Amino acid sequence: MARGDISSGEKALALATKRAIEAAGGLERGADETSIGRSQLSRCGSVNERDSISIRDAVTIDLLGQRQEGHPFIVRAICRQLGGVFVELPEPQDDAGGMALTVVELAGELGDLSDSVRGALCERGEAGTEISRRENEDIRAEIHRMQETLAAMDRQLLSAIGEN
């Protein structure tokens, strides 16, 4: 790749940055909320420039555009670059049964489980691309923890409709 060329991944990040800046209210607001000037922000959102913003500023800009479809733009693009996806956790509520908190807990457990399975199946796993006995036991233990959380959630739901 020539010095001036940028990869398709970098272009995707630049486009995500541009969309995030637009969702945040434009270059002026982005510059006001970060320590980056308008012209620098503009370059960071250009597919023809190699300029980029710090992670801290990316989060700040993404947070400003929360009500826009596709938010958080930059974080989603970073996740795709790393081979993953962004999954937003539900906001914890002050619900009497703690249902929202249970959903947040399940989301975290699913992320841990997914990471364990992915790690066990990759070439750097204990048994290469096969799952070793220890990895198998660890993954199954995570599944059992999730099943316990799901069973508790099922009991909460049954209780809510008067079926114990």
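Placed above this text is the structure.
Cut-offs used in this document
- Residues numbered from 1 in each chain as written.
- Predicted model: local features only at pLDDT ≥ 70, side-chain atom pairs only at ≥ 80, totals over all residues.
- Heavy atoms only, no water.
- Salt bridge = Lys/Arg side-chain N within 4 Å of Asp/Glu carboxyl O.
- Buried < 20%, exposed > 50% of the residue type's maximum accessible area, 1.4 Å probe, protein only.
- Helix = DSSP H or I, 4+ residues; strand = E, 2+ residues; numbered from the N terminus.
- Polar contact = N/O pair within 3.5 Å; in protein donor to acceptor, adjacent residues only side chain to side chain.
- Contact = heavy atoms within 4.5 Å.
- Axes fitted to C-alpha atoms, helices over the stretch in contact; angles between N-to-C directions.
- Parallel < 35°, antiparallel > 145°, perpendicular 65-115°, else oblique.
- Left-handed = near helix turned anticlockwise from the far one by under 90°.
- Patch = residues over 30% accessible without salt bridge, like charges linked within 9 Å, V, L, I, M, F, W, Y side chains within 5 Å.
- Areas by Shrake-Rupley, 256 points an atom, 1.4 Å probe, with all protein chains shown as cover.
- Core = buried A, V, L, I, M, F, W, Y, C linked by side-chain atoms within 4.5 Å.
- Nonpolar A, V, L, I, M, F, W, Y, C, P; charged D, E, K, R; others polar.

Caption draft 1: Just the pattern of salt bridges, in detail. Tallied over the entire structure, the rule returns six salt bridges. With its nearest N and O atoms 3.1 Å apart, the salt bridge here joins R43 to D51. Judged by relative accessible area, R43 falls into the partly exposed class, the value being 30%. Put simply, D138 and R134 hold a salt bridge, and the shortest N to O gap is 2.2 Å. Highlighted residues: D138 and R134, both in helix α7 (residues 133–160), separated by four residues, approximately one helical turn. Overall, D138 belongs to the partly exposed group, its relative accessible area being 34%. On the basis of relative accessibility, which here comes to 43%, the residue R134 falls in the partly exposed class. A single salt-bridge network, built from bridges that share partners, covers E126, R134 and D138.

Caption draft 2: View of the side chain of S132. Position of S132 relative to the elements: it lies in the loop between α6 (99–121) and α7. For S132, a relative accessible area of 12% puts it in the buried group. Within the structure, S132 has its side chain in polar contact with the side chain of E126 (distance 2.7 Å). In contact with S132, not counting residues within four places along its chain, are E126 and A127.

Caption draft 3: Structural context of unusual backbone geometry. For the peptide bond that leads from H71 to P72, omega is -5 degrees, which places it in the cis range. Structurally, P72 can be placed in the loop between α4 (55–64) and α5 (73–81).

Caption draft 4: Just the packing of α6 against α7, in detail. Two numbers describe how α6 lies on α7: the axes approach to 10 Å, and their chain directions differ by 160 degrees. As far as their axial angle goes, α7 and α6 are roughly antiparallel. The crossing of α6 and α7 is left-handed.

Caption draft 5: Focus on a nonpolar patch on the surface. Taken together, the side chains of I55, V59 and L63 present a nonpolar region at the surface, about 290 Å² in accessible area. Note that L63 resides in helix α4.

Caption draft 6: Broad picture of the nonpolar core. Counting 15 residues, the largest nonpolar core has A20, L41, I53, I61, F73 and I74 as its most contacted members. Among the elements of the structure, α1 (8–23), α3 (38–44), α4 and α5 are those that each provide at least two residues to this core. Excluding residues that lie within four positions of it along the chain, A20 makes contacts with I61, D62, F73 and I74. L113, A120, I139 and M153 belong to the second largest nonpolar core, which has six residues in total.

Caption draft 7: Structural detail: the packing of α1 against α5. Two numbers describe how α1 lies on α5: the axes approach to 8 Å, and their chain directions differ by 165 degrees. Here α5 runs roughly antiparallel to α1, going by the angle between their axes. As for how α1 packs across α5, the hand of that crossing is right-handed. Residues G9, E10, A12, L13, A16, T17, R19, A20 and A23 of α1 form the contact with α5, whose participating residues are F73, I74, A77, I78 and Q81. Broken down by class, the residue content of the contact of α1 with α5 amounts to nine nonpolar, three polar and two charged.

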